Each structure stands twice: as C-alpha cells, then as structure tokens.
Amino acid sequence: MAYPLILVVAAAENGVIGRDNQLLWRIRTDLKRFRDLTMAKPMIMGRKTFESIGKPLPGRETIVLTRDEGFSAPGTHVVHSWDEAVAKGEELARAMGADAVAVVGGAEIYKIALSHVQMIYLTEVAAAPEGDAFFPPVDRAEFRETARISHPKGPDDEHPFTFIDLVRRS
C-alpha cells in the first residue's frame, strides 16, 4: 500500500518560511496544528530543518534527508535521496499504523516534494518578513482548496494567519 504524502508548511504572504535556519514568528495555534497533523506519523525533513528543531519530536519518526554522507543524529533515520526518504516513510508508516507520511521542510525538500504530495496543509502567515528560505510557488490548478479558516492575531500568536487545505486534483 502506498501511503499518501502530506506537506505541512507555514509561509508568509511573500513565500518566506525562514531566515538563518530559524522560524520568523511565534504562532502557538499553528504549532498545535503542526503537532496534530504530524503526530504518530513519519516525517521527512532536510538536515537544516532537523538542526533548527534540534532533536527528534516525540510521538513521530524523523527521517532526515541529507547529501552529507557523514551526518548522523540519534533517534533519526538518515537517508540520502528522495526515493529513499519516501521508501523509509512508507516502511515506518506501516510499522506505526500511520495513515500518511508528512513532509515538513525545509525549502529544498518542499521543492522536491511538491510534485509528489497529495495534500498541502498551508498556514499562510499575514506578514512579509525578510528571509532566505522560501516555499516554492504552488500551481493552484493542480490542487483544489478544501478548507480555509482565517484566524485573527491571538494572545499567543504574533500575526493573523489562515489555515488552507489543498488536495491534489485527480
């Protein structure tokens, strides 16, 4: 059985997702959504994203995709190609009883994954910060929007934001 690939991303209106390997905002509501969407699933991420998080996240299996043949990190599964990452994700999803494999960044991984994912869970942050990492443009003709929920800036959120769910057209 092939497991669906889902992409989870928070991007500013200008496409920025980070600077100097860091997030540029604190939005607790989005962090909760990220946790809910990725819990009990394998997650594919690049080495820089893993290093920005600093450790494997509890309740999930972390697959780190890197060109660095010498990279290792306790508690992770290190792979060196997209195909290897997807195969490891499917193997782990089967073992975990997961319903999908999540792709969680960063920019280079999103660029590779975009043509392969079945769903995109986008948090569009109402801000336009300077950054050095960008979410690639999504061809909206390839996806249909199934949900859009706007949120005002809350006490634990630095900016207003919108959750947008996109499903690949068949």
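Residues numbered from 1 in each chain as written. Predicted model: local features only at pLDDT ≥ 70, side-chain atom pairs only at ≥ 80, totals over all residues. Heavy atoms only, no water.

Topic: the pairing of strand S3 (residues 42-46)
Looking down a regular strand, the side chains alternate between one sheet face and the other. With respect to burial, S3 is a largely interior element, five of its five residues being buried. Along S3, one buried face is formed by Pro42, Ile44 and Gly46 and the opposite face, lined by Met43 and Met45, is buried too. As paired elements, S3 and strand S4 (residues 61-65) share five bridges and run parallel to each other. Residue methionine 45 lies in a different strand from S4, and its bridge partner there is valine 64. Where the polypeptide runs from S3 across helix H2 (residues 47-53) and back to S4, its parallel neighbour, the crossover connection is right-handed. (Buried < 20%, exposed > 50% of the residue type's maximum accessible area, 1.4 Å probe, protein only. Helix = DSSP H or I, 4+ residues; strand = E, 2+ residues; numbered from the N terminus. Pairing = 2+ DSSP bridges. Right-handed = clockwise from strand over helix to strand, strands pointing away.)

Structural notes on the nonpolar core
Leu7 and Trp82 are the most contacted members of the largest nonpolar core, which totals 30 residues. Taken together, the elements giving at least two residues each to this core come down to strand S1 (5-12), S4, helix H3 (82-96), strand S6 (101-103), helix H4 (107-113), strand S7 (119-125) and strand S10 (161-168). Here this core takes five residues from H3, the largest share from any one element. Ranked by size, the runner-up nonpolar core spans 14 residues in total, among them Met45, Phe50, Val64 and Ala73. (Core = buried A, V, L, I, M, F, W, Y, C linked by side-chain atoms within 4.5 Å.)

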